[in-house]
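Structure assessment
Spelled out from the first residue to the last, the chains are:
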Amino acid sequence: AQKITQTQPGMFVQEKEAVTLDCTYDTSDPSYGLFWYKQPSSGEMIFLIYQGSYDQQNATEGRYSLNFQKARKSANLVISASQLGDSAMYFCAMREARSGGATNKLIFGTGTLLAVQP
Amino acid sequence: DAGVTQSPTHLIKTRGQQVTLRCSPKSGHDTVSWYQQALGQGPQFIFQYYEEEERQRGNFPDRFSGHQFPNYSSELNVNALLLGDSALYLCASSVRGLTDTQYFGPGTRLTVL
């Protein structure tokens, strides 16, 4: 069965330092996608970064990078040079291959609350 | 380029009532998915609409129903509200492509008293 595990309920990081948020996943589908979303206190889920199961290189988007270790089924998010505005809840999510022609559903982890300290 | 929009922002209902939430997808997107996020938890998939049909459904009772219109906008209806239906309801839109990324709206916060 599909499952996403985020074992860090909360994390602290000093401003300008890097932080790694952990995510492991479980799926029997060889074709899948992994996503990270940021959810500020306002509630909106903001897409950060995507990694496909067949991608050869780790994804990067500005200060965000994804440390994808397929054999270990892990997809950790690395945020470099943390900023105060990075304080939020972060969710790891997975979708398996398409079903019936439409985008497949997302399965979310329980999230990690990141607090950036000045 | 307008993102995903949802209405209303907040809603307060009493047990047994019915509620309708609305979602307009991002321009160019044809698929709408609905998620329920209880306090302190990750979002849970309710169902997804594509080509005006429900394509996938999560583990939610029949009290939860929906619709997609020809302009791709969507509604989520919940009948016979329970206290446990209190949550943030998120709508996400997507289009078939390389990543199938889902983009979320700001959500509707439903409180059932």
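Our structure's up above, just so we're on the same page.
Residues numbered from 1 in each chain as written. Chains lettered and ligands numbered in written order. Predicted model: local features only at pLDDT ≥ 70, side-chain atom pairs only at ≥ 80, totals over all residues. Heavy atoms only, no water.

1. Considerations on the side chain of Gln8(A)
Residue and element names in this part refer to chain A. Position of Gln 8 among the secondary structure elements: in the loop between strand E1 (3-5) and strand E2 (10-14). Residue Gln 8 is classed as buried on the basis of its relative accessible area, which comes to 13%. Of the polar contacts made by the side chain of Gln 8, one reaches the backbone nitrogen of Asp 22; its length is 2.7 Å. In this view, Gln 8 contacts Thr 20, Leu 21, Asp 22, Gly 111 and Thr 112; residues no more than four positions away in its chain are not counted. (Helix = DSSP H or I, 4+ residues; strand = E, 2+ residues; numbered from the N terminus. Buried < 20%, exposed > 50% of the residue type's maximum accessible area, 1.4 Å probe, protein only. Polar contact = N/O pair within 3.5 Å; in protein donor to acceptor, adjacent residues only side chain to side chain. Contact = heavy atoms within 4.5 Å.)

2. Some points on the packing of aromatic side chains
Each aromatic ring pair is characterised by the separation of its centres together with the angle its planes make. Taken as a whole and assessed by the stated rule, the structure comprises 15 aromatic pairs over all chains. Relative to Phe108(A), the ring of Phe91(A) lies with its centre 6.2 Å away and its plane at 85°, an arrangement referred to as edge-to-face. Placement of the pair is Phe91(A) in strand E10 (residues 88-96) and Phe108(A) in strand E11 (residues 107-108), with a sequence separation of 17 residues. Each member of the pair Phe91(A) and Phe108(A) is classed as buried. Aromatic pair Phe108(A) and Phe104(B): ring centres 6.1 Å apart, planes at 70°, arrangement edge-to-face. With Phe108(A) in strand E11 and Phe104(B) in strand E10 (residues 103-104), this residue pair bridges two chains. For the pair formed by Phe108(A) and Phe104(B), the shared burial category is buried. Ring-pair connections join several aromatic residues into one group, and the members of that group are Phe35(A), Tyr37(A), Phe47(A), Tyr50(A), Phe91(A), Phe108(A), Tyr35(B), Phe45(B), Tyr103(B) and Phe104(B). The side chain of Arg63(A) reaches across the aromatic face of Tyr64(A), ending 5.7 Å from its centre. The residue whose ring lies beneath Lys26(B) is Tyr103(B), and the NZ or CZ to ring-centre distance is 5.4 Å. (Phe/Tyr/Trp six-rings, centres within 6.5 Å; stacked < 30°, edge-to-face > 60°. Lys NZ or Arg CZ within 6 Å of the ring centre and 35° of its normal.)

3. With respect to the environment of Asn59(B)
Residue and element names in this part refer to chain B. Relative to the elements of secondary structure, Asn 59 occurs in the loop between strand E6 (53-57) and strand E7 (64-68). By relative accessible area, Asn 59 is classed as exposed at 78%. C-alpha separation for the pair Asn 59 and Ile 46, spaced 13 residues apart in sequence, amounts to 7.0 Å.

4. Re the state of the cysteines
For the structure shown, the criterion picks out two disulfides over all chains. Disulfide pairing is shown between Cys23(A) and Cys92(A); the S-S distance is 2.0 Å. Because the torsion about its S-S bond is -60°, the bridge between Cys23(A) and Cys92(A) counts as left-handed. Pair noted here: Cys23(A) is in the loop between strand E3 (19-21) and strand E4 (24-26) and Cys92(A) is in strand E10, with a separation of 69 residues, a long-range link. For Cys23(A), a relative accessible area of 0% corresponds to the buried category. With a relative accessible area of 0%, Cys92(A) lands in the buried category. For Cys23(B), the disulfide goes to Cys91(B), at an S-S distance of 1.8 Å. Residues Cys23(B) and Cys91(B) are joined through a disulfide that is left-handed, its torsion about the S-S bond being -55°. Pair noted here: Cys23(B) is in strand E3 (residues 19-24) and Cys91(B) is in strand E9 (residues 87-94), with a separation of 68 residues, a long-range link. (Disulfide = S-S within 2.5 Å.)

5. A short note on the environment of Ser93(B)
All names here are of chain B. Tracing the sequence through the fold places Ser 93 in strand E9. Overall, Ser 93 belongs to the buried group, its relative accessible area being 0%. Dropping the residues within four chain positions of it, Ser 93 is found in contact with Val 4, Pro 25, Lys 26, His 29, Thr 31, Thr 101, Gln 102 and Tyr 103. Side chain to side chain, Ser 93 and His 29 meet in a polar contact 2.7 Å long.

6. Examining the interface of chain A and chain B
Contacts between the two partners involve 23 residues from chain A and, on the opposite side, 26 residues from chain B. Across the chain A to chain B interface the summed buried area is about 2000 Å²; carbon plus sulfur atoms make up 50%. Elements represented by at least two residues in the side of chain A that touches chain B include exactly strand E5 (32-39), strand E6 (46-52) and E10 of chain A. Among the elements that line the side of chain A that touches chain B, the one with the most residues is E5(A), at three residues. Here the residues of the side of chain A that touches chain B are counted per class, giving nine nonpolar, ten polar and four charged. (Buried area = accessible area lost by both parts, 1.4 Å probe. Nonpolar A, V, L, I, M, F, W, Y, C, P; charged D, E, K, R; others polar.)

7. Remarks on the pattern of salt bridges
Within the structure shown, the criterion is met by six salt bridges over all chains. Arg63(A) is the salt-bridge partner of Asp86(A), the closest N and O atoms lying 2.8 Å from each other. Remark: Arg63(A) occurs in the loop between strand E7 (60-61) and strand E8 (64-69) and Asp86(A) occurs in the loop between strand E9 (74-79) and E10; sequence separation between them is 23 residues. A salt bridge links Arg22(B) to Glu75(B); the shortest N-O distance between them is 3.4 Å. With Arg22(B) in strand E3 and Glu75(B) in strand E8 (residues 74-78), this pair connects stretches of sequence that are 53 residues apart. Residue classification places Arg22(B) among the partly exposed positions, given a relative accessible area of 42%. (Salt bridge = Lys/Arg side-chain N within 4 Å of Asp/Glu carboxyl O.)

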